[in-house]
Amino acid sequence: MHLLDAGQCHEDVPQEEPDAATWFRQKAEQGDATAMNYLGLFYQNGEGVPQDDAEAYLWFNLAVTYSSGSTFPASTRDELIRLRDVSAERLTPDQRADIERRAREFFEAHPPEQR
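Draft legend 1. Region of interest: the pattern of salt bridges. Throughout the structure, instances matching the rule amount to 7 salt bridges. Between Arg 90 and Asp 53 there is a salt bridge whose closest N-O contact spans 3.0 Å. Here Arg 90, found in the loop between α4 (74–89) and α5 (93–109), pairs with Asp 53, found in helix α3 (residues 53–67); they are 37 residues apart in sequence, far enough to count as distant. The exposure class assigned to Arg 90 is partly exposed, which follows from its relative accessible area of 46%. The shortest N-O distance in the salt bridge between Asp 85 and Arg 84 comes to 3.0 Å. In this structure Asp 85 comes out as partly exposed when scored by relative accessible area, which is 31%.

Draft legend 2. Representation of helix α2 (residues 33–45) within the structure. Taking 1.5 Å per residue as the helical rise, α2 with its 13 residues ought to reach 18 Å, and the 18 Å between its terminal C-alpha atoms agrees with that figure. Extensive coverage of α2 is indicated by the burial of 12 of its 13 residues. Burial in α2 covers these residues: Ala 33, Thr 34, Ala 35, Met 36, Asn 37, Tyr 38, Leu 39, Gly 40, Leu 41, Phe 42, Tyr 43 and Gln 44. For α2, the side-chain oxygen to backbone nitrogen distance between the N-cap and Thr 34 is 2.9 Å, and the N-cap itself is Asp 32. Count one or two residues on from α2 and you reach Gly 46, which has phi positive near 65°.

Reading the values: the criteria
- Residues numbered from 1 in each chain as written.
- Predicted model: local features only at pLDDT ≥ 70, side-chain atom pairs only at ≥ 80, totals over all residues.
- Heavy atoms only, no water.
- Salt bridge = Lys/Arg side-chain N within 4 Å of Asp/Glu carboxyl O.
- Helix = DSSP H or I, 4+ residues; strand = E, 2+ residues; numbered from the N terminus.
- Buried < 20%, exposed > 50% of the residue type's maximum accessible area, 1.4 Å probe, protein only.
- Expected span 1.5 Å × (residues − 1).
- Polar contact = N/O pair within 3.5 Å; in protein donor to acceptor, adjacent residues only side chain to side chain.

None of this, on its own, says anything about what the molecule does.
Have a look at this one:
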């Protein structure tokens, strides 16, 4: 179900969904694109967090941005874009605009070169 193999994540990821969601949020807030992807999946599927398409869109959107120029294979980045777009389709234009503003603010506060 998850986009990336669990082997790419740290071994200390909690197995319980709420704890895993907290762990991935901490990593995502540090600019980790893999964690951003997982957090997007958690929100998209309601795993360990309430299902929330807006939050899924935010984290997938950030994952796409932070995966640019990374070691992610092109197919993985394409899948991130697809997942982002699926979440975007479920939002109103105002919701999308709000999330895109939040993503820009996050990116400005956490540029990839500071990771």
